[in-house]
Amino acid sequence: MTSGSEPISERPVPRVRLKPRESRRIKRGHRWIFSNEIADPVKDLPPGSLVDIVDERGAPLGRGYVNPQSLITIRVLAPAGREIDAAFFRGRIAAARSYRERICGSRTAGREVFGEADGLPGLVVDRYGPFLVVQSLAAGIEVRLPVILDLLDEIYSPRAIVLRNDSPARGLEGLAAEVRVARGRLDSEDGIVETEVDGLAVEVDLLGGQKTGWFLDQAENRLRLAEYAKGRRVLDAFCYAGAWGLAALKAGAAEVLAVDSSAPAVSAARRNAERNQIGGRFRAEEASVFDRLRGLDSERARFDLVVLDPPAFIKSGKKVAEGVRGYREINRLGLRLLAPGGILVSSSCSHHLPAEEFLAVLRRAAADTGRTVRLLEFRGQARDHPVLLSMPETTYLKCAFLYVE
């Protein structure tokens, strides 16, 4: 076990000066410093090592970890001069847990640490019952990972800790991809565990599933679905393991058609439906979602509630126009499949698509179909994925509930 006084910082900590007028965003609480904002050379500093950041006049701005290989060259971690040791990380992880206990209440699954929003840039920790899944997304976390894993063991006493370090973000940090069980043991060699999520008994693929195994950020939006689902015929597009459709059936939906292009996801969705004894009202199909929705439209199929929760269509700033076309087309198809008086639940997890632009996409799709659409609710990510007000980048999920005439 790591001692609370064991230092994991470097001495002396070098100072890095910012260019004139580049400190304003940091003084307002932003935690990223980009390569073109730095005046002093940093190319010889070890990735993940600590630096003290100062403005052009030498006034202290904070302490963070540096990575010369990354466009986000410095991630601000703490006030200038703060000792970055095991006690520091223990305090931050404990504070993240306390926030969730106060704000989110009792949960069997959810996000425990959300990077910058919890003062731990580059660290993500999700919990599924007795299992933790960790993502190390920055060199500053990577070099301190043994200490962080010790602390997670100490604070949560999990049965196992899985490292899901297969995110493309690691490549931007010069970090290799890896997926492994770092501590303890899983219930099965294939990484599939059974747990409760959203009040449903489900299987979660900790080693090979999307993200860390489940889309936890939509949990509160799926709870809101209950108000609209009773007695309705539901289409769950991009269903993955069936979370939206299962939530709708739990709330009293008449039946669900779930569609996804992934055969393993569709199989998991079917098993989850059987596990919750609602398989008779749940049908899952493996198909290209765009093609299947076009086919349903040509068949004149109509639904009372359509859920569109696609993967991010915009992976980078260069793909915005292409992604917007994708969002417009899928929402146009969803609107066409709705019976009058139906509900469309449409989401985007592309942080390159701001909320106002996503609403503009929905307006254009409504105009394309000639439907009259009312916005019932516009929601974001669950509260265990907190938004840091000083960092717009910590908000990414948009979820619109729409009434369609």
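The structure presented is a predicted model; accordingly, all values stated were derived computationally and were not measured.

Criteria and cut-off values
Residues numbered from 1 in each chain as written. Predicted model: local features only at pLDDT ≥ 70, side-chain atom pairs only at ≥ 80, totals over all residues. Heavy atoms only, no water. Pairing = 2+ DSSP bridges. Helix = DSSP H or I, 4+ residues; strand = E, 2+ residues; numbered from the N terminus. Axes fitted to C-alpha atoms, helices over the stretch in contact; angles between N-to-C directions. Phe/Tyr/Trp six-rings, centres within 6.5 Å; stacked < 30°, edge-to-face > 60°. Buried < 20%, exposed > 50% of the residue type's maximum accessible area, 1.4 Å probe, protein only. Expected span 1.5 Å × (residues − 1). Contact = heavy atoms within 4.5 Å. 1 Å grid on protein atoms, 1.4 Å probe; cavity = no way out; pocket = protein on both sides within 12 Å on 5 of 7 lines; lining within 4 Å. Points joined across faces, edges and corners; volume = space filled by probe spheres on them. Nonpolar A, V, L, I, M, F, W, Y, C, P; charged D, E, K, R; others polar. Parallel < 35°, antiparallel > 145°, perpendicular 65-115°, else oblique. Left-handed = near helix turned anticlockwise from the far one by under 90°. Salt bridge = Lys/Arg side-chain N within 4 Å of Asp/Glu carboxyl O. pLDDT = per-residue confidence, 0-100.

This paragraph deals with the sheet that holds strand β3 (residues 50–54). Sheet architecture is open: 5 strands sit in the order β1-β3-β4-β5-β2, paired in mixed fashion. Looking along the sheet, the strands with just one partner apiece sit at the ends: β1 (15–17) and β2 (32–34). Each strand axis lies, on average, 40° off the axis of its neighbour in the sheet, ignoring direction.

Evaluated as defined, the whole model comprises 10 aromatic pairs. Taking the centre distance of 6.2 Å and the plane angle of 80° together, the rings of Tyr-327 and Phe-358 count as edge-to-face. Note that Tyr-327 is positioned in helix α10 (residues 320–336) and Phe-358 in helix α11 (residues 355–369), a separation of 31 residues in sequence. On the accessibility criterion, Tyr-327 (0% relative accessible area) is buried. Residue Phe-358 is classed as buried on the basis of its relative accessible area, which comes to 0%. Taken together, Phe-238, Phe-290, Phe-313, Tyr-327 and Phe-358 form an aromatic cluster joined through their ring pairs.

This paragraph deals with the pairing of strand β12 (residues 200–205). Of the strand pairs in this sheet, strand β11 (residues 192–197) and β12 are connected by 6 bridges, and their pairing is antiparallel. Bridge pairing in β12 links Thr-195 to Val-202. Counting the residues that bridge the hairpin from β11 to β12 gives 2 residues, and of these Asp-198 lies at a positive phi of roughly 55°.

Bringing α10 into the picture now. The end-to-end C-alpha distance of α10, which contains 17 residues, comes to 24 Å, matching closely the 24 Å that a straight helix rising 1.5 Å per residue would cover. Among the structural elements, α9 (289–298), β16 (303–308), β17 (338–348), α11, β18 (373–379) and β19 (398–404) are those in contact with the buried residues of α10.

Here we come to the layout of surface pockets. Approximately 330 Å³ is the volume found for the second largest pocket. Residue lining of the second largest pocket: 17 residues in total, with Arg-107, Ala-109, Asp-198, Ala-219 and Leu-223 positioned closest to the centre. Its residues assigned to classes, the lining of the second largest pocket shows 7 nonpolar, 4 polar and 6 charged.

Further remarks concern the packing of helix α2 (residues 86–103) against helix α4 (residues 145–156). It is the contact of α2 with α4, at a shortest axis distance of 10 Å, that shows an interaxial angle of 45°. Judged on the interaxial angle alone, α4 and α2 are oblique. The hand of the α2/α4 crossing is right-handed. The residues of α4 that touch α2, namely those facing Ala-86, Phe-89, Arg-90, Ile-93, Ala-94 and Arg-97, are Val-147, Ile-148, Leu-151, Leu-152, Glu-154, Ile-155 and Tyr-156. Here the residues of the contact of α2 with α4 sort into 10 nonpolar, no polar and 3 charged.

Next up on the list: empty space enclosed by the protein. This structure, assessed with the given rule, holds 1 cavity of 30 Å³ or more. Of the pockets and cavities examined, the largest cavity occupies roughly 40 Å³. Of the residues forming the lining of the largest cavity, the biggest block, 3 residues, is contributed by strand β5 (residues 72–78). Here the residues of the lining of the largest cavity sort into 5 nonpolar, 4 polar and 2 charged.

Here the focus is the pattern of salt bridges. Counted by the stated rule, this structure contains 41 salt bridges. The salt bridge involving Glu-101 is made with Arg-97; its shortest N-O contact spans 3.5 Å. Of this pair, Glu-101 and Arg-97 are both found in helix α2, 4 residues apart, which corresponds to roughly one turn of the helix. With a shortest N-O distance of 2.7 Å, Asp-384 and Arg-107 are connected by a salt bridge. Placement of the pair is Asp-384 in the loop between β18 and β19 and Arg-107 in the loop between α2 and β6 (109–114), with a sequence separation of 277 residues. Residue Asp-384 is classed as buried on the basis of its relative accessible area, which comes to 5%.

A separate point is the environment of Val-179. Position of Val-179 among the secondary structure elements: in strand β10 (residues 178–184). With relative accessibility at 36%, the residue Val-179 sits in the partly exposed group. Along the primary structure Val-179 and Gly-208 are separated by 29 residues, whereas in three dimensions their C-alpha atoms are 8.5 Å apart.

Looking now at the confidence of the model for the protein chain. For the protein chain, per-residue confidence averages 94 on the pLDDT scale, and residues scoring 70 or more make up 97% of the total. Within the model, pLDDT remains below 50 along residues 1–9, and this stretch shows 24 contacts once partners closer than five positions in the same chain are excluded.

Considering the arrangement of structural elements, one finds Ser-350 in the loop between β17 and α11. When its relative accessible area of 1% is taken as the criterion, Ser-350 is described as buried. Here Ser-350 is in contact with Ala-312, Phe-313, Ile-314, Tyr-327, Tyr-396 and Lys-398, once residues within four sequence places are set aside.

This part covers the sheet that holds strand β8 (residues 131–136). Pairing in this open sheet of 5 strands is mixed, and the strands run β6-β7-β8-β9-β10 from one edge to the other. Each end of this open sheet is capped by a strand with a single partner; those strands are β6 and β10. The average angle at which neighbouring strand axes cross in this sheet is 20°, direction not considered. Inspection of the sheet shows strand β9 (residues 160–165) paired to β10 by 6 bridges, in the antiparallel sense.

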